[in-house]
Amino acid sequence: MTDPARRRRARRIALGTAVVLALAGLNGPWLWRVGSEKYHEYKINRPEYKEDNGHWKVFELPEGYRQNTIHASLLHTGKVLLVAGSGNNQENFDAKRFDTRLWDPRKNTVKRVPTPTDLFCTGHTQLADGKLLIAGGTKRYEKLKGDVTKAGGLMIVHNENPDEPVTLPAGTLFTGRKNGRTFVSKDPVVVERARKVFDRRTGRFLRNEPGLGRIYVEAQHSGARYETGTQDNYRVRGLTGADARNTYGIAQKLALDKKDFQGIKDAFEFDPVAERYVKVDPMNEARWYPTLTTLSDGRVLSLSGLDEIGQLVPGKNEVYDPRTGKWAYTRKVRQFPTYPAVFQMADGRLFYSGSNAGYGPADVGRDPGVWNLRTNTFRKIPGMSDPHLLETSATVELPPAQDQRYLVVGGGGVGESRKASKKTRVVDLRAARPRFVDGPDLGKGTRYPQTSILPDDSVLVSGGSEDYRGRGGSDIREARLYDPRENTFDKVADPHVGRNYHAGSLLLPDGRVLLFGSDPLYGDAANTKPGRFEQRLEIYTPPYLYRGDRPALGAGPTTLERGASGTFPTKDAASVRAARLIRPGATTHVTDIDQTSIALGLKKSATGLTVTVPKNRSLVESGWYMLFVTDDKGVPSEARWVRVP
């Protein structure tokens, strides 16, 4: 069989020669420009070009249904959940305008979904029953230095009473013993009782270890005169006697500095059949920018995020059990930057690629490695190129998942750094001593690349920007297909729309790819005009859908057990070469932990195909999957939805 990538390259050279010859006959720069634009439109719509490069098409939701889409998830109904929340728009937040749309790609219809709270910068993952778990979001928008009018910050409340916890309501006043300044709490706080500490050898009582509570406080009045410069002990107004002695606050600097976003504890399950959000028990920790990773037993691990006072959650990770609807802390503590790319491996351990989407110290939790959640041991993986440029990089598990290889794409420096990496890196976790090795070069430093696994085992890598949030007009309107077998990129058609921060991509059941979002900081290359959120959507149709008829896969079982087989009728069995289970994506902020493509055993008969699911529960998590088969030209069928219980 002719290599499709090699065939595409040869045809591209021929088309490029034709462009030069066509333009050579034009006179003058105006004719050159107009002719070039017309020829470009002609060229990209030629069947031969589409067969080699695919095709992009921009479209918009109907007026009145458009929104600033931040999150997108494919549901097992075939519809796409597009979540904006407040859409990174403080006016929406202040007015409590929170948006969600449900788009049907087959019918091209859209529906509004009532959104219960601000799910901007939430976390999400697919559950075993087909619902979507959504946890965290926005409690308060950031305030930049200069916009902050009241001094504020973190107050640590101490409770030295070993007999009972203490609850302080919102509006509690704290007055400094030395500085005399009074601050007010913005939320209620429950502080656990003190822990009695005994000598292990003698059993003699030593002391009470205070229970601690964290709360955001703010000065009662505006102005720099209410700032504090050093640590102070704060008495709690309204308490008397033993309560006043046992309960107090300690705060460091309370100032007019920048205040980061604050998270919420709220959690929901989105029901794809009822098409509504259902509230479940809240998390123990408030989280803004969290990652949700499904574990072997179907529970979901919630990691990182900014808490209710705008500080990085200090490694207090927790697990959601869908059977009980409850959250519980993990026994051990481990801290990551926000939106860490943490994947479950085929052996049940967790792989952290180093990719993340932003907040957190530059020197804490950024080294890639393999994490044993049970023992909390972490083995670093060496070899990462540009190790300090992993923020806003993307990580994708390469197909098939049995190979346990991961691709890390691009990335940038911490925060608003201008540095960006043009590297890709590949790691094989099945190796005795896993080590990152460089893959093909991107050509440009790339932050916020979008990545989607395709049914033919290639990976679409598109978009991104060379600078922070597309600053300086640095959007990258390019796309490539990555071949995991050859470790090569093949350039394909360029997207029409630049996509940077708050953008993402999703594989659809028909084999096309949806791209959404983009939130540039500025609207011009000179960085003088404010940016506008990109509300247009774009569909990429890969080259394989221009190679002729696709194999037809008939209806078969909708449930496939691990280790079991199912038969699907087809008249195209002879040409089919591979079968894949692809988990539907749930993507935001260059993070999509749900993407996985699992190779199935395949037997053919004259009238059908029998596929067999691997037995490994850590490899094949419970839930709904798209079943694709591909033929000898790499052309995929339309997906059949099947559930692995």
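Parameters and conventions
Residues numbered from 1 in each chain as written. Predicted model: local features only at pLDDT ≥ 70, side-chain atom pairs only at ≥ 80, totals over all residues. Heavy atoms only, no water. Helix = DSSP H or I, 4+ residues; strand = E, 2+ residues; numbered from the N terminus. Rg over C-alpha atoms; globule rule 2.2 N^0.38 Å. Buried < 20%, exposed > 50% of the residue type's maximum accessible area, 1.4 Å probe, protein only. Contact = heavy atoms within 4.5 Å. Pairing = 2+ DSSP bridges. Salt bridge = Lys/Arg side-chain N within 4 Å of Asp/Glu carboxyl O. Phe/Tyr/Trp six-rings, centres within 6.5 Å; stacked < 30°, edge-to-face > 60°. Lys NZ or Arg CZ within 6 Å of the ring centre and 35° of its normal. Axes fitted to C-alpha atoms, helices over the stretch in contact; angles between N-to-C directions. pLDDT = per-residue confidence, 0-100. Polar contact = N/O pair within 3.5 Å; in protein donor to acceptor, adjacent residues only side chain to side chain. Core = buried A, V, L, I, M, F, W, Y, C linked by side-chain atoms within 4.5 Å.

### Description of the overall build of the protein chain
- Within the protein chain, the regular secondary structure consists of 5 helices and 48 strands.
- Relative to the globule expectation of 26 Å for 645 residues, the C-alpha radius of gyration of the protein chain, 27 Å, shows essentially globular dimensions.
- Counting across all 645 residues of the protein chain, residues that qualify as buried make up 56%.
- Expressed as a percentage of contacts within the protein chain between residues at least 6 apart in sequence, the contacts between residues at least 24 apart total 61%.

### Overview of the sheet that holds strand β5 (residues 109-112)
- With respect to topology, 5 strands assemble into an open sheet ordered β5-β4-β3-β2-β43, the strand pairing being antiparallel. The open sheet has two free edges, formed respectively by β5 and β43 (586-587), since each of these has just one partner strand.
- Here strand β3 (residues 80-85) runs beside strand β4 (residues 99-104); their pairing, made up of 5 bridges, is antiparallel. Bridge pairing in β4 places Val80 opposite Trp103.

### A few points about the pattern of salt bridges
- Under the defined criterion, the tally for this structure stands at 40 salt bridges.
- Asp467 serves as the salt-bridge partner of Arg418, at 3.0 Å between the closest nitrogen and oxygen. Taken together, the residues span a long stretch of sequence, with Arg418 in the loop between β31 (405-409) and β32 (424-428) and Asp467 in the loop between β35 (459-462) and β36 (479-483) at a distance of 49 residues.
- For Arg418, a relative accessible area of 58% gives the class exposed.

### Section: the packing of aromatic side chains
- All told, the structure shown has 24 aromatic pairs when counted by the stated rule.
- The interplanar angle of 70 degrees and the centroid separation of 5.7 Å between the aromatic rings of Phe198 and Phe205 together place this pair among those described as edge-to-face.
- Relative accessible area serves as the criterion here: at 45%, Phe198 is assigned to the partly exposed category.
- A connected cluster of aromatic rings, assembled from ring pairs, spans Phe93, Phe120, Tyr141, Phe261, Trp288, Tyr289, Tyr339 and Tyr359.
- The lysine or arginine in question, Arg140, covers the ring of Tyr216, its NZ or CZ lying 4.8 Å from the ring centre.

### Let's talk about the sheet that holds strand β48 (residues 640-644)
- What the 4 strands build is an open sheet, ordered β44-β42-β47-β48; its pairing is antiparallel. The strands lining the two open edges of the sheet, one partner per strand, are β44 (597-599) and β48. The mean angle between the axes of side-by-side strands here comes to 35 degrees, regardless of whether they run parallel or antiparallel.
- The pairing of strand β42 (residues 576-582) with β44 spans 3 bridges and is antiparallel. For Leu581, the partnering residue across the bridge sits in β44 and is Ile598.

### Quick word on the pairing of strand β28 (residues 369-372)
- Examined bridge by bridge, strand β27 (residues 350-352) and β28 share 3 bridges and lie antiparallel to one another. Residue Phe351 lies in a different strand from β28, and its bridge partner there is Val370.
- Hairpin connection, β28 to strand β29 (residues 377-380): the antiparallel pair is bridged by 4 residues, and Asn376 has positive phi, about 60 degrees.

### Re the confidence of the model for the protein chain
- In the predicted model, the protein chain carries a mean pLDDT of 94, and the fraction of residues at 70 or more is 94%.
- Across residues 17-26, where pLDDT falls below 50, the model places 11 contacts with residues more than four positions away in sequence or in other chains.

### Re unusual backbone geometry
- The amide bond that connects Pro399 to the next residue, Pro400, takes the cis arrangement and shows omega of -10 degrees.
- Assignment of secondary structure puts Pro400 in the loop between β30 (394-397) and β31.
- Notably, Gln404 is not glycine yet its phi reads approximately 55 degrees, a positive angle.
- One can find Gln404 in the loop between β30 and β31.
- Relative accessible area serves as the criterion here: at 5%, Gln404 is assigned to the buried category.

### Details of the environment of Arg276
- When you line up the elements, Arg276 lands in strand β21 (residues 276-280).
- Looking at Arg276, the relative accessible area reads 48%, which means it is partly exposed.
- Excluding anything up to four places from it in sequence, Arg276 contacts Glu269, Phe270 and Asp271.

### Thoughts on the side chain of His124
- Positionally, His124 belongs in strand β6 (residues 123-126).
- Polar side-chain contacts of His124 include one of 3.0 Å to the side chain of His71.

### Comments concerning the pairing of strand β47 (residues 623-631)
- Of all 9 residues making up β47, 8 are buried, and the element is well covered by its neighbours.
- Where β42 meets β47, 6 bridges bridge the pair, whose relative direction is antiparallel. By the bridge assignment for β47, Val576 is matched with Asp631.
- Note that β47 and β48 share 5 bridges and pair antiparallel. When the sheet's bridge partners are listed, Leu627 is paired in β48 with Arg640.

### Remarks on the nonpolar core
- Core analysis: the biggest nonpolar cluster contains 33 residues, and Val80, Leu82, Trp103, Leu514 and Met626 have the highest contact counts within it.
- For this core, the secondary-structure elements that each account for two or more residues are β1 (55-59), β2 (71-74), β3, β36, β38 (503-507), β39 (513-517), β40 (537-541) and β47.
- Here the element with the most residues in this core is β39; it accounts for 4 residues.
- Counting residues in each nonpolar core, the second largest holds 20 residues, with Leu609, Val611, Val642 and Val644 among its members.

### Some points on the environment of Gly511
- The topology assignment puts Gly511 in the loop between β38 and β39.
- Overall, Gly511 belongs to the buried group, its relative accessible area being 0%.
- Placed 124 residues apart in sequence, Gly511 and Pro387 show a C-alpha to C-alpha distance of 34 Å.
- Not counting residues up to four positions away in its chain, the partners in contact with Gly511 are Pro542, Tyr544, Leu545, Arg550 and Phe628.

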